[in-house]
Amino acid sequence: MGIGAGAVVLVFLFLQSRYAFNYFYEEQFRMFRFSADYAVAAFRKVGGPVEYVASFFIQFFAFPYVGAAVSALLFGAVAGGVRCGFLRLSGGKEMPLAYWLPGFFFLWAEADFNHHFEAGLAFLAVVWLFALWERLFPRRNRWAVAAAVPVAWGLYWLVGPLALLWVVAVALTGLCRKGTARWLFLLFLPVALLAPLVVYAADLSDAPLSALLTATAYSHPLSPDPWWENGAALTWLACLGMALLFPLCPKGQRPAVRYVSWSVQTLVAGVLFCQVALRTNNERNYAVKLLDYYAFHGRWTDLLAAPGFRPSENLLHTCYQNLALVKMGKLSEVLLQTPQRGTQGFWPAWNKTAPVSALLSDVAYTMGNVALSQVLAFEGLVGSERSENPRLLLRLVQTNLIQGAYPVAAKYIGLLRQTFAYRKAAEHYAAFLYDDARVEADDELGPLRRCLSKTEGLTNVAMAPVDLLQVMRSNPSYRPAFEYFGAFCLVAKDLASLRLMLDEFRSAPALVPLPRLYQEAVVVLLEGEPDRWADYGVEEATAKRFAEFRQQFMAARRNPALAGALRSNFGRTYWYYMMHSKN
């Protein structure tokens, strides 16, 4: 295996171990479609072709290993293109560090989904076209200048503003050659750079002039930070400048010196890549991407055991934890055995961003609030760059099927059928179109449709906890709604609302038998009326345990040294929580 292939393999292993969930997350914000209309729309705009190719590759990031493999191969291809151009200019002298550095910038950028993958593909096209150009026109002349102008304009349309980097590189190397024809490159430079101005003046693009001229075109409009693209461009130009100076250096180099040079440069490159990559991949953001992936695929056990999972410190983590516990039917059992951060741990504040909209849509869907889940999914879809998000589009399919809005669901299914990763899911849900009986009989859609019967426009984000009462009235058998409402009440110590629920739904199938924590809350509510406890589902064992708790509590009041024993024996009871929790 050559050094280049070995470097690609090592990069792949690193990316797979450290960046894998970045690729899963990035895939959600693209939706490549096998459609002529989609292709035509892409190829009609500046940089559209390279965006089309990028989206084609990104759709496969939904599958394990693909994202890391594609990125590693991109790195290898960029390094190969840089090397070819470097060797042509340097007279055959090698400098591996110069080959690898430009590609590193695009690998580091993969930690931020606001960065566009097409930037790396555009750069790849630039460096290989430059290498080909150096081979076709080793000696600059007026014909090279004449050919360079249409190539520059065509490349600009294909890959966007990074094509201007090729223009600068060709002009730089052309001016450094001997002969009077080199001065023609002073004319070539402004003529080639006219391309974005012509596009802007002719109104051939909706993008602002800054996005037509600079690398901001390759990042999210709300966070235009072209640091990675600019870093790669400046590094490559520096490498070209160094290559132009290499022919002036003494020729010949002993094998030992060449071997040491390669080894040192390789070591420096490896250490630099790993150190920057680890710092760039923000630990908190990466943890949320990991949790998002597990939640989307219903891997709840993996979610709760995920590395970097901090529900006691991060509200979004707490929300994911509680969503997982509800899905597993365990929230009412282990509520006080898990980190809780108030009621926002069940329903965080909505900041209108696509990631939080997706999470809250998942929670509302699980609660049984179908209308609110649909609104949040739509808001997340609109809030996504390009308004593309196949995951949220799939949620809109589900909610419209549940509500019986079959024409709308059919429209979304038609779009998902044109994709690769979501085609199977689209076919699955297509079978439910215009078939009420099949929807109502389905294990997923049926219970949620029964949650609609007594609901009226439940789309107020701030009222989601209260609106659960309507969901419970619609479907008293739907346990997740009861689990969430009960958890809200218990954590907030809102026993009045809990009693309201128990008075109305004490015989509901979802509350039989009554969870232990609910029983303990009933004892607190009706401490002076023990004869009524059984009416609410309080078991004899709970009543006996409360008597033991009260006895130990009174003993601890007289002797504070016994407080530790009280916490050890009853620390996970609602009675102890009521007295000692600050929530």
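See the structure above.
Read on for a plain summary of the structure. All figures in this text were calculated on a predicted structure; none of them were measured in a lab. (Residues numbered from 1 in each chain as written. Predicted model: local features only at pLDDT ≥ 70, side-chain atom pairs only at ≥ 80, totals over all residues. Heavy atoms only, no water.)

Within the protein, the secondary structure is distributed over 31 helices and 0 strands. Relative to a compact globule of 583 residues, whose C-alpha radius of gyration would be 25 Å, the protein shows 31 Å and is clearly more extended. Its C-alpha atoms put the protein at 105 × 60 × 40 Å along the principal axes. Intrachain contacts of the protein at a sequence separation of at least 6 include 67% that bridge at least 24 residues. For the protein, the exposed area adds up to about 26400 Å²; of that, 60% sits on carbon and sulfur atoms. Across the protein, the 53 positively charged side chains and the 43 negatively charged ones have centroids separated by 12 Å. (Helix = DSSP H or I, 4+ residues; strand = E, 2+ residues; numbered from the N terminus. Rg over C-alpha atoms; globule rule 2.2 N^0.38 Å. Contact = heavy atoms within 4.5 Å. Areas by Shrake-Rupley, 256 points an atom, 1.4 Å probe, with all protein chains shown as cover. Lys, Arg positive; Asp, Glu negative; His and termini not counted. Charge placed at Lys NZ, Arg CZ, Asp CG, Glu CD.)

What follows is about empty space enclosed by the protein. Once rolled over the atoms, a probe with the size of a water molecule shows which space is left empty. Evaluated as defined, the whole model comprises 2 cavities of 30 Å³ or more. Of the volumes computed, that of the largest cavity is approximately 60 Å³. Taken together, Glu27, Arg30, Met31, Phe32, Ile58, Gln59, Pro390, Thr419, Phe420, Ala421 and Tyr422 form the lining of the largest cavity. Residues belonging to the lining of the largest cavity are distributed by class as follows: 7 nonpolar, 2 polar and 2 charged. Quantified by volume, the second largest cavity comes out at close to 40 Å³. What lines the second largest cavity is Gln16, Ala20, Tyr23, Phe24, Phe61, Phe63, Tyr65, Val66, Gly67 and Ala68. Going through the elements one at a time, helix H2 (20-27) and helix H5 (66-90) are the ones with two or more residues in the lining of the second largest cavity. Classifying every residue of the lining of the second largest cavity by side-chain character gives 8 nonpolar, 2 polar and no charged. (1 Å grid on protein atoms, 1.4 Å probe; cavity = no way out; pocket = protein on both sides within 12 Å on 5 of 7 lines; lining within 4 Å. Points joined across faces, edges and corners; volume = space filled by probe spheres on them. Nonpolar A, V, L, I, M, F, W, Y, C, P; charged D, E, K, R; others polar.)

It is worth spelling out the side chain of Glu520 at this point. Residue placement: Glu520 occurs in helix H28 (residues 516-525). With relative accessibility at 1%, the residue Glu520 sits in the buried group. Residues contacting Glu520, with those up to four places away along its chain left out, are Thr542, Thr573, Tyr574 and Trp575. (Buried < 20%, exposed > 50% of the residue type's maximum accessible area, 1.4 Å probe, protein only.)

Further remarks concern the pattern of salt bridges. On inspection of all chains with the given rule, the structure shows 22 salt bridges. Put simply, Glu504 and Arg473 hold a salt bridge, and the shortest N to O gap is 2.7 Å. Taken together, the residues Glu504 in helix H27 (residues 495-505) and Arg473 in helix H25 (residues 464-474) connect sequence positions 31 residues apart. Glu504 gets classed as partly exposed once you look at its relative accessible area, which sits at 38%. For Arg473, a relative accessible area of 32% puts it in the partly exposed group. Each of Arg30, Lys45, Glu51, Glu118, Glu385 and Arg386 takes part in salt bridges that share partners, so that together they form one network. (Salt bridge = Lys/Arg side-chain N within 4 Å of Asp/Glu carboxyl O.)

Peptide bonds are trans in most cases, and residues, glycine excluded, mostly fall at negative phi. That bond from Val512 to Pro513 is cis: its omega, 0 degrees, falls within 30 degrees of zero. Looking at where Pro513 falls in the secondary structure, it is placed in the loop between H27 and H28. Despite not being glycine, Lys493 shows a phi value in the positive range, around 60 degrees. Tracing the backbone through its elements, the reader meets Lys493 in the loop between helix H26 (479-492) and H27.

Turning to the packing of helix H20 (residues 390-403) against helix H21 (residues 406-417), a few remarks are in order. Closest axis-to-axis distance for the H20/H21 pair is 8 Å, and the angle between their directions is 150 degrees. Put simply, H20 runs roughly antiparallel to H21. Of the two elements, H20 crosses H21, and the hand of that crossing is left-handed. Contact with H20, carried on its side by Pro390, Leu393, Leu394, Leu396, Val397, Asn400 and Leu401, involves Tyr406, Val408, Ala409, Tyr412, Ile413, Leu415 and Leu416 of H21 and no other residues of that element. Its residues assigned to classes, the contact of H20 with H21 shows 13 nonpolar, 1 polar and no charged. (Axes fitted to C-alpha atoms, helices over the stretch in contact; angles between N-to-C directions. Parallel < 35°, antiparallel > 145°, perpendicular 65-115°, else oblique. Left-handed = near helix turned anticlockwise from the far one by under 90°.)

Read these as geometric descriptors, not functional statements.
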